[in-house]
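Descriptive structure summary
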Amino acid sequence: MDTPAENGPSASDRGAGPDIHPQETAISEVGEFGLIAHLRDTLGESDDDSILEGIADDAAVYRVSDETVHVVTTDALIEGVHFDRTFMPMEHLGFKAMSVNVSDVAAMNARPRYATVVVGVPKNASVEAMGTLYQGIKQACDAYGITVIGGDTTGAHSLSVTVTVIGEAAEDEVVYRRGSKPGDKICVTGDVGASYAGLKVLLLQREQLQQQGEDFQPHLDKFSYVIRRHLAPPAQLQAVRNWKGAGFRPSSLIDVSDGLASEVHHLCEASGTRAQLYEPSIPISPHTRNAATEFGEEVTVYALFGGEDYELVFTASEEQLKDLDPQSFNVIGEMEAPEEDTPRVQLKQADGENVRVRPGGFDHFGDDQPQG
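For clarity, every value in this text was computed on a predicted model and none was experimentally measured. (Residues numbered from 1 in each chain as written. Predicted model: local features only at pLDDT ≥ 70, side-chain atom pairs only at ≥ 80, totals over all residues. Heavy atoms only, no water.)

1. As for the overall build of the protein chain
Assigned secondary structure in the protein chain consists of 10 helices and 13 strands. Per-residue burial for the protein chain yields a buried fraction of 49% across its 372 residues. Of the contacts formed within the protein chain by residues at least 6 apart in sequence, a portion of 84% connects residues at least 24 apart. Counting every atom, the protein chain has about 17700 Å² of accessible surface; 48% of that belongs to carbon and sulfur. (Helix = DSSP H or I, 4+ residues; strand = E, 2+ residues; numbered from the N terminus. Buried < 20%, exposed > 50% of the residue type's maximum accessible area, 1.4 Å probe, protein only. Contact = heavy atoms within 4.5 Å. Areas by Shrake-Rupley, 256 points an atom, 1.4 Å probe, with all protein chains shown as cover.)

2. Comments concerning the confidence of the model for the protein chain
Here the protein chain shows a mean pLDDT of 89. Residues at 70 or above account for 89%. Scored below 50 in pLDDT, residues 1–15 shows 57 contacts in the model against residues more than four places distant or in partner chains. The low-confidence segment residues 362–372, where pLDDT is below 50, has 57 contacts with residues more than four positions distant or belonging to other chains. (pLDDT = per-residue confidence, 0-100.)

3. As for a nonpolar patch on the surface
Taken together, the side chains of I51, Y62 and V64 make up a nonpolar region of the molecular surface, amounting to roughly 230 Å² of accessible area. Structurally, V64 can be placed in the loop between strand 2 (60–63) and strand 3 (68–78). (Patch = residues over 30% accessible without salt bridge, like charges linked within 9 Å, V, L, I, M, F, W, Y side chains within 5 Å. Salt bridge = Lys/Arg side-chain N within 4 Å of Asp/Glu carboxyl O.)

4. Side note on the environment of L231
Within the secondary structure, L231 sits in helix 5 (residues 224–231). We classify L231 as buried; its relative accessible area is 6%. The spacing of L231 and M90 is 141 residues in sequence and 9.9 Å in space, taken between C-alpha atoms. When near neighbours in sequence (up to four residues on either side) are disregarded, L231 contacts F87, M88, P89, H92, K96 and L202.

5. Quick look at the pairing of strand 8 (residues 252–255)
Of the two faces of strand 8, both are covered, the one formed by S252 and I254 as well as the one formed by L253 and D255. Pairing between strand 8 and strand 10 (residues 312–316): four bridges, direction antiparallel. For D255, the partnering residue across the bridge sits in strand 10 and is L312. (Pairing = 2+ DSSP bridges.)

6. A look at the pairing of strand 4 (residues 111–121)
Two strands pair when backbone bridges link them, and strand 4 and strand 6 (residues 160–170) are joined in this way by nine bridges, in the antiparallel orientation. Along strand 6, the bridge assignment pairs P112 with G167. Here strand 4 pairs with strand 5 (residues 147–155) via eight bridges, running parallel. Paired with T116 across the two strands is G150, which belongs to strand 5. For the segment spanning strand 4, helix 3 (residues 127–144) and strand 5, crossover handedness is right-handed. (Right-handed = clockwise from strand over helix to strand, strands pointing away.)

7. A look at the packing of helix 2 (residues 90–106) against helix 3
The contact between helix 2 and helix 3 brings their axes to 6 Å, and the two run at 40°. Judged on the interaxial angle alone, helix 3 and helix 2 are oblique. For helix 2 against helix 3, the interelement crossing comes out right-handed. Here helix 2 contributes M90, E91, L93, G94, F95, M98, S99 and V102 to the contact with helix 3, which in turn contributes A129, M130, T132, L133, Q135, G136, I137, Q139, A140, C141 and Y144. Of the residues assigned to the contact of helix 2 with helix 3, the class counts are 12 nonpolar, six polar and one charged. (Axes fitted to C-alpha atoms, helices over the stretch in contact; angles between N-to-C directions. Parallel < 35°, antiparallel > 145°, perpendicular 65-115°, else oblique. Left-handed = near helix turned anticlockwise from the far one by under 90°. Nonpolar A, V, L, I, M, F, W, Y, C, P; charged D, E, K, R; others polar.)

8. Some words on the sheet that holds strand 10
Overall, mixed pairing links the seven strands, which are arranged 8-10-7-11-9-12-13 in an open sheet. Looking along the sheet, the strands with just one partner apiece sit at the ends: strand 8 and strand 13 (354–356). For this sheet, the mean inter-axis angle between neighbouring strands, taken without regard to orientation, is 25°. Taken strand by strand, helix 7 (residues 260–271) contacts strand 8, strand 9 (274–278), strand 10, strand 11 (330–336) and strand 12 (345–348), and its axis lies near 150° from that of strand 8.

9. Focus on the sheet that holds strand 6
Reading across from one edge, 1-2-3-6-4-5 is the order of the six strands in this open sheet, with mixed pairing throughout. Either end of the sheet is taken by a strand with one partner, and the two such strands are strand 1 (51–53) and strand 5. Between one strand axis and the next, the sheet turns through 20° on average, direction left out of account. Sheet strands touched by helix 3: strand 4, strand 5 and strand 6. Its angle to strand 4, the strand with the most contacts, is close to 170°.

10. Some thoughts on the nonpolar core
Judged by nonpolar contacts, the single largest core of 94 residues is most densely connected at L93, M98, W243, I282, V313 and F314. The biggest single contributor to this core is helix 2, with eight residues. Setting aside chain neighbours within four positions, we find I282 in contact with V192, L260, A303, L304, I332 and L347. (Core = buried A, V, L, I, M, F, W, Y, C linked by side-chain atoms within 4.5 Å.)

11. Side note on the packing of aromatic side chains
Within this structure, the stated rule accounts for six aromatic pairs. Arranged with centres 5.6 Å apart and planes meeting at 70°, the rings of W243 and F248 form a pair that is edge-to-face. For F248, a relative accessible area of 4% puts it in the buried group. An aromatic cluster is defined as three or more aromatic residues linked by ring pairs; in this entry it consists of W243, F248, F314 and F329. Residue placement shows R178 over the ring face of Y176; its charged tip is 4.2 Å from the ring centre. Directly above the aromatic system of F295 lies the positively charged group of K200, at a separation of 5.2 Å from the ring centroid. (Phe/Tyr/Trp six-rings, centres within 6.5 Å; stacked < 30°, edge-to-face > 60°. Lys NZ or Arg CZ within 6 Å of the ring centre and 35° of its normal.)

This is how it looks when you write it as structure tokens:
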């Protein structure tokens, strides 16, 4: 399980520019999270005591009153990096752009309130296409209870949609990546791996279209579930609402954007724990299994490294979990105390072998990855 599934843009899609000076460091050498750490260090620490969380979690958190905090997150979807207009309907793109941000707010155990939207518009985009994009944004706003309060439009070489969502919560309701402790169960909502399966299907269909031209006949019906999970993934805001109704608060929380393996690593690193996962317990849809079989690939790789499922991974004690509907989540492992020379995350496979799991998944600056 040391090899992550590839899911990202090819080197040729990322654009050309001046060569990197020999004394400079290529971003691909440090990866996305290494770059973020470098930029965070460049900005330095803030002495504003109203900031409860900065560049270290799914969203920033700052205090606005004695009891209330705002939770703020921004994500961009860039044509040629995150989507391909040949198989991404504009309405779905608008919905997804909102969902990925709402998911970050949900991953802080908060509720979204307001959003701003910035659209980079290329010359080959029409007014009607932009209207359809905003229809998808409106559908997401209605589903999540959000109001778009502003933004910007600008010319661009390719289409891009950048959304900022502002959420709200009581200060003692917010859940961070840190907080889990040995003995806590590791849980996940829904199923994982479906989005990557949908991407694989769409990439194959695009390749066949390019080869066959007008003779191409798409075959998508049997893959409708995984395609939908890739094109218009729902944020798991209802889970957060249900938790609030049940009086439940996880000890740590994150959403599955870069891949289950990567997210579990984040929880462990933030909490100072290690994780033992159990392969048979990872929830995978039969539709995802069928897609993996079609491609002759291992479905567990899809589940661990695929990304963009936007389910929630959370930890809690066994006693706390009794407050939840057992059908609303799956226990996939447990947190353990760190041990020297023991991998941060391990997976016990169906055959009983316990293997190391590396934090693979989507990397915006990885080399030669297929376009998402």
